[in-house]
Amino acid sequence: MKKILSRYFVKNSDVEVIFVVSSNLHRLAYSASRQVLQVQFKRGAEYRYYGVSPRIYNALKRAGSHGRFFYYAIRLRYAYIRL
């Protein structure tokens, strides 16, 4: 079951944080105004992906397999940094 943990505002930009049920992913944080997706993996590593559209983020949230969608649609298609 997907659960929205919180939504909060930082300098006029909304950020949605959700925990997902996945064998690999743990938490997603997304800012629609900045189009930035932050992903935390179960092993603790965190990455920030830039230029992720709201359409892609919503598809990730609805995906039957969050990890598979992330792997094929986001992982190497967007600029990122490891945090």
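What counts, and where the lines are drawn
- Residues numbered from 1 in each chain as written.
- Predicted model: local features only at pLDDT ≥ 70, side-chain atom pairs only at ≥ 80, totals over all residues.
- Heavy atoms only, no water.
- 1 Å grid on protein atoms, 1.4 Å probe; cavity = no way out; pocket = protein on both sides within 12 Å on 5 of 7 lines; lining within 4 Å.
- Points joined across faces, edges and corners; volume = space filled by probe spheres on them.
- Helix = DSSP H or I, 4+ residues; strand = E, 2+ residues; numbered from the N terminus.
- Patch = residues over 30% accessible without salt bridge, like charges linked within 9 Å, V, L, I, M, F, W, Y side chains within 5 Å.
- Areas by Shrake-Rupley, 256 points an atom, 1.4 Å probe, with all protein chains shown as cover.
- Salt bridge = Lys/Arg side-chain N within 4 Å of Asp/Glu carboxyl O.
- Buried < 20%, exposed > 50% of the residue type's maximum accessible area, 1.4 Å probe, protein only.
- Arc of directions from axis to C-beta.
- Contact = heavy atoms within 4.5 Å.

Estimated volume of the largest pocket: approximately 150 Å³. Val15, Ala29, Arg34, Gln38 and Arg48 are the residues nearest the centre of the largest pocket, which is lined by ten residues in total. Looking at the lining of the largest pocket, the elements with two or more residues in it are β3 (25–31) and β4 (36–41). Among the elements that take part in the lining of the largest pocket, β3 stands out by supplying four residues, more than any other.

Glancing now at a nonpolar patch on the surface. Taken together, the side chains of Tyr50, Ile81 and Leu83 make up a nonpolar region of the molecular surface, amounting to roughly 260 Å² of accessible area. By relative accessible area, which is 47% here, Leu83 ends up partly exposed.

Moving on: the pattern of salt bridges. One pass over the structure, following the stated rule, counts two salt bridges. Notably, a salt bridge pairs Lys61 with Glu16, separated by 3.0 Å at the nearest N-O pair. Linking Lys61 in helix α1 (residues 54–62) with Glu16 in strand β2 (residues 13–19), this pair joins segments that are 45 residues apart in sequence. Residue Glu16 is classed as buried on the basis of its relative accessible area, which comes to 8%. A salt bridge links Glu46 to Arg27, with the nearest nitrogen and oxygen atoms 3.0 Å apart. On the criterion of sequence distance, the pair formed by Glu46 in strand β5 (residues 46–50) and Arg27 in strand β3 is long-range, its members being 19 residues apart.

Below, the discussion takes up helix α2 (residues 66–73). Because the α-helix completes a turn every 3.6 residues, residues three or four places apart line up on one side. Buried residues of α2: His66, Gly67, Phe70 and Ala73, and no others. The buried residues of α2 occupy an angular sector of 165° when the element is viewed end-on, so they sit on one face. Turned more than 90 degrees from where α2 packs its buried face, Arg68 and Tyr72 sit exposed. Each element contacted by the buried residues of α2 is listed here: β3, β4, β5 and α1.

Just distances and angles here, no functional claims.
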